[in-house]
Amino acid sequence: YLSKGFRVQVLGMRAAESPIRRHLFKSRGLTYLRSGSGLWSCNPVGWWSAFDIWAYIADLDLPYNRRIYDCETHGYSRYTLRNSNWATTRGAEHGRVPWLRRHFPEFYLQMVREFPELTLLQ
């Protein structure tokens, strides 16, 4: 995104999702220049909780991907799912692979073709 001559990326990252993010936001703030790239990063919801996000969505009746966020199974809910990594093996030890297999079988099969060892996590 280009705004008034500045290259800017606006992200939906939140401190609550990771200790590393929490540390980065505390040390750099929510808006910072990415070293060497000339690109500014802005994290407007950096200090929001998942509850804050969903309250905002509900209050403004914003559209969201119901196929992902309304699949509340295997310990995941709209409060714990992260759009950035829902189709990966990250969190496999916490039931992510069965969740992926149930709700997104086409992605699951594609991942098993690349990583056959995923069938051991069932």
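Residues numbered from 1 in each chain as written. Predicted model: local features only at pLDDT ≥ 70, side-chain atom pairs only at ≥ 80, totals over all residues. Heavy atoms only, no water.

Caption draft 1: Representation of the overall build of the protein. From N to C terminus, the protein includes five helices and four strands. Taken from N to C terminus, the helices and strands of the protein fall in the order β-β-α-β-β-α-α-α-α. A total of 122 residues make up the protein; the buried ones form 33% of that total. Carbon and sulfur atoms make up 57% of the accessible area of the protein, which totals about 8,200 Å². (Helix = DSSP H or I, 4+ residues; strand = E, 2+ residues; numbered from the N terminus. Buried < 20%, exposed > 50% of the residue type's maximum accessible area, 1.4 Å probe, protein only. Areas by Shrake-Rupley, 256 points an atom, 1.4 Å probe, with all protein chains shown as cover.)

Caption draft 2: Structural detail: the packing of helix 4 (residues 96-103) against helix 5 (residues 105-114). Viewed as axis vectors pointing N to C, helix 4 and helix 5 meet at an angle of 125 degrees, and their least axial separation amounts to 5 Å. Regarding the angle of helix 4 to helix 5, the classification is oblique. Between helix 4, through Val97, Leu100, Arg101, Arg102 and His103, and helix 5, the contact on the second element is made entirely by Pro105, Phe107, Tyr108 and Met111. Class assignment for the residues of the contact of helix 4 with helix 5 results in six nonpolar, one polar and two charged. (Axes fitted to C-alpha atoms, helices over the stretch in contact; angles between N-to-C directions. Parallel < 35°, antiparallel > 145°, perpendicular 65-115°, else oblique. Contact = heavy atoms within 4.5 Å. Nonpolar A, V, L, I, M, F, W, Y, C, P; charged D, E, K, R; others polar.)

Caption draft 3: Layout of the pattern of salt bridges. Tallied over the entire structure, the rule returns two salt bridges. One salt bridge connects arginine 14 with glutamate 17, and the closest N-O pair in it is separated by 3.6 Å. In this structure, arginine 21 engages glutamate 17 in a salt bridge whose closest nitrogen and oxygen atoms are separated by 2.4 Å. A network of salt bridges, in which partner residues are shared, links Arg14, Glu17 and Arg21. (Salt bridge = Lys/Arg side-chain N within 4 Å of Asp/Glu carboxyl O.)

Caption draft 4: Broad picture of the side chain of serine 18. Topologically, serine 18 is positioned in the loop between strand 2 (6-10) and helix 1 (19-28). Take serine 18: its relative accessible area is 11%, and that puts it in the buried class. At 3.1 Å, the side chain of serine 18 and the backbone nitrogen of isoleucine 20 are in polar contact. (Polar contact = N/O pair within 3.5 Å; in protein donor to acceptor, adjacent residues only side chain to side chain.)

Caption draft 5: How the structure looks around the confidence of the model for the protein. Per-residue pLDDT for the protein averages 80, and the proportion of residues at 70 or more is 75%. Considering each helix and strand of the protein separately, the mean pLDDT is smallest for strand 1 (residues 2-3), with a value of 66, and largest for helix 1, with 92. (pLDDT = per-residue confidence, 0-100.)

Caption draft 6: Inspection of the packing of aromatic side chains at higher detail. Applying the stated criterion to the full structure yields four aromatic pairs. The interplanar angle of 75 degrees and the centroid separation of 6.0 Å between the aromatic rings of phenylalanine 25 and tryptophan 47 together place this pair among those described as edge-to-face. Of this pair, phenylalanine 25 sits in helix 1 while tryptophan 47 sits in the loop between strand 4 (39-42) and helix 2 (50-60), and the two are 22 residues apart along the sequence. For phenylalanine 25, a relative accessible area of 4% translates into the label buried. Judged by relative accessible area, tryptophan 47 falls into the partly exposed class, the value being 45%. Ring centres of phenylalanine 104 and phenylalanine 107 lie 6.2 Å apart, and the angle between their planes is 55 degrees; this geometry places the pair in the tilted category. A residue is classified by how much of its surface remains accessible, and phenylalanine 104, at 2% relative accessible area, is buried. Over the ring of tyrosine 32 we find arginine 28; its NZ or CZ atom is 4.0 Å from the centre of that ring. (Phe/Tyr/Trp six-rings, centres within 6.5 Å; stacked < 30°, edge-to-face > 60°. Lys NZ or Arg CZ within 6 Å of the ring centre and 35° of its normal.)

Caption draft 7: Just the environment of alanine 50, in detail. Structurally, the position occupied by alanine 50 is in helix 2. For alanine 50 and arginine 14, which are 36 residues apart along the polypeptide, the C-alpha to C-alpha distance reads 8.6 Å.

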